[in-house]
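Secondary and tertiary structure notes
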Amino acid sequence: MSKPGALDLANSVGGTIAKEEVNNAVEKYEKYHCYYGGDEKERKANYADMVNKYFDLVTSFYEYGWGESFHFASRWKGESLKEGIKRQEHFIALQLCLKPGQKVLDVGCGIGGPLREIARFSMTSITGLNNNEYQITRGKELNRKAGLDKTCDYVKADFMKMPFPDNSFDAAYALEATCHAPDAVGCYEEIHRVLKPGQCFAAFEWCMTDSFDPNNEEHLNIKKEIELGNGLTDVRTRAQCLEALKQVGFELMALEYVGLAPKGSQRVQAFLEKAADGLFAGGRKGIFTANYIFLVRKPQLDGSSRSTTE
């Protein structure tokens, strides 16, 4: 994992946004959210702009504090964060039964940390799908440094409208990425379309658990903090995710201040801290999970089926 220094962080805050426009971008992003008077309908109607602003603003903070892989991971006693993240990525590869030479899709790939780790581990060719220009530019640079620029690539596109032919990929995965979709059905439908028949999609999804009470004001405030701090139009429930997967035709399977950084940088840090508050509170109360794991399969053309559910 890369570990940029504080100067790198300061210089890269805002991504493709001009430095003098960072503060304005933060204001526009904040106004999409309930915390600042916005509403869910507007967020969903403008999800591409909202999510792009979010990742332009936060990517350098993520890489500085987290590394190249922007996802959570469980940790065994004595295991480092880096080791836990790699184990989580290897777990996805093993669940998908990836084989050398297969063509794999990473849905919402960030700067490609999981893409590179899974490609090395499984010897597959992985296409990273991402709608943020800054993250793709950074990912390509890191692929070159890792010697993977010939076997792994990136496509800039919206995962609600993928620019791939039907039945293109041998496998697909998403690590805490499809939660950014404004509509789970539309997103999962596109993944189903581009997968070859009989092949699988595995994901770690962000969900409100069955303990979430939409009539509980404290629960709703926690949900709002998570949405604000993580660029989400909504946090769906586990039941909504499962229903969306079934609706598109998937078979469910078993699982489980120095003047260097632009004005507005501290506000980005502030809403990331709000995200941490919401994630911690949601996890402690058992109403939110960032690690709802599912493995689903696109049926064979002959209609044969093998599925189990937990």
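Chains are numbered independently. Their residues run from 1 in the order of the written sequence. Reporting of local features is limited, given that this is a predicted model, to residues whose pLDDT is at least 70; pairs of side-chain atoms are given and counted only at 80 or more, and all residues count toward the totals for whole chains, interfaces and linings. Here the side-chain values reflect all heavy atoms present in the structure, with hydrogen atoms and water set aside.

1. A word on the sheet that holds strand S2 (residues 125-130)
By the convention used here, strands pair only if DSSP detects at least 2 bridges between them. Going along the chain from the N terminus, every DSSP run of H or I of four or more residues is numbered as a helix, and every run of E of two or more is numbered as a strand. In spatial order, the strands read S3-S2-S1-S4-S5-S7-S6; together these seven strands make up an open sheet with mixed pairing. Sheet topology places strand S3 (153-156) and strand S6 (251-252) at the edges, where each strand pairs with a single neighbour. Where strand S5 (residues 195-208) lies against strand S7 (residues 288-297), eight bridges are found, and the strand directions are antiparallel. Counterpart to Ala202 in the pairing with S7 is Leu295. Contacting strand S4 (169-175), S5 and S7, helix H5 (residues 81-95) runs over the sheet at an angle of about 145° to S5. Whether two residues are in contact is decided by their heavy atoms, any of which lying within 4.5 Å being enough. Every angle, taken between N-to-C directions, lies between 0 and 180 degrees, and every axis is a line fitted to C-alpha atoms, over only the stretch in contact when it is a helix. On top of the sheet, helix H7 (residues 133-146) reaches S2 and S3; it is set at about 170° to S3, its chief contact.

2. Here we look at the pairing of S5
Each residue gets one of three labels from its accessible area relative to the maximum for its type: buried under 20%, exposed over 50%, partly exposed in between, using a 1.4 Å probe on protein chains only. Taking burial as the measure, the 14 residues of S5 include 12 buried ones, the bulk of the element. Across six bridges, S4 lies against S5 in parallel orientation. Paired with Ala174 across the bridge in S5 is Ala203. Considered for its hand, the β-α-β crossover made up of S4, helix H8 (residues 184-194) and S5 is right-handed. Here is how to tell: hold the view so the strands point away, follow the path from the first strand over the helix to the second, and if it runs clockwise the crossover is right-handed.

3. Observations regarding unusual backbone geometry
A positive phi angle, near 55°, is found at Cys97, a position not held by glycine. Counting through the fold element by element, Cys97 comes out in the loop between H5 and strand S1 (103-107). Non-glycine residue Glu176 carries a positive phi angle of around 55°. Note on placement: Glu176 falls in the loop between S4 and H8. Among the residues examined, Glu176 registers a relative accessible area of 8% and is labelled buried.

4. Quick look at the confidence of the model for the chain
One number per residue, pLDDT, summarises how confident the predictor is, and it ranges from 0 to 100. Per-chain confidence: the chain averages 86 in pLDDT, with 85% of residues scoring 70 or above. Every residue in residues 256-261 scores below 50 in pLDDT, and together they form eight contacts with partners more than four places removed in sequence or on other chains.

5. Details of the packing of H8 against helix H10 (residues 238-247)
Contact pair H8 / H10: the axes reach a minimum separation of 9 Å and the direction vectors enclose 45°. By the angle between their directions, the pair H8 and H10 is classed as oblique. H10 is crossed by H8, and the crossing has right-handed handedness. Contact residues: Ala184, Val185 and Tyr188 in H8; Cys241, Ala244, Leu245 and Gln247 in H10. Residue type decides the class: Asp, Glu, Lys and Arg count as charged, Ala, Val, Leu, Ile, Met, Phe, Trp, Tyr, Cys and Pro as nonpolar, and the leftover types, Gly among them, as polar. Split by residue class, the contact of H8 with H10 holds six nonpolar, one polar and no charged. In this scheme, roughly parallel covers angles under 35 degrees and roughly antiparallel covers those over 145, while 65 to 115 is roughly perpendicular and the rest are oblique. Rotating anticlockwise by less than a right angle from the far helix to the near helix defines a left-handed crossing, while the corresponding clockwise rotation defines a right-handed one.

6. Considerations on the pairing of S1
The side chains of a regular strand alternate between both faces of the sheet. Within S1, four of the five residues are buried, which leaves the element mostly enclosed by the surrounding structure. Both S1 and S2 contribute to a ladder of five bridges, which runs parallel. Paired with Asp106 across the strands is Gly128, a residue of S2. Since S1 and S2 lie parallel, the crossover through helix H6 (residues 113-122) that links them has a hand, and here it is right-handed. Judged from the three bridges that link them, S1 and S4 form a sheet pairing that is parallel. Within S4, the position partnered with Leu105 by the bridge is Ala172.

7. Section: the packing of H6 against H7
One way to put it is that H6 packs onto H7 with a least axis distance of 10 Å and a crossing angle of 30°. By the angle class used here, H6 and H7 are roughly parallel. Along this stretch, H6 crosses H7, giving a crossing that reads as right-handed. Residue-level inspection shows Leu115, Arg116 and Arg120 of H6 in contact with H7, the latter providing Gly139, Leu142, Asn143 and Ala146. For the contact of H6 with H7, the class distribution of residues is three nonpolar, two polar and two charged.

8. Some details on the pattern of salt bridges
Throughout this description, the term salt bridge denotes a Lys or Arg side-chain nitrogen within 4 Å of a carboxyl oxygen of Asp or Glu. Enumeration over the complete set of coordinates arrives at 18 salt bridges. When the shortest N-O distance is used, the salt bridge between Glu63 and Arg138 registers 2.6 Å. Separated by 75 residues along the polypeptide, Glu63 in helix H4 (residues 47-66) and Arg138 in helix H7 bring together distant segments of the chain. As far as burial versus exposure is concerned, Glu63 and Arg138 are alike and both buried. Salt bridges here are not isolated pairs; linked through shared partners, they connect Arg43, Lys223, Glu227 and Asp234.

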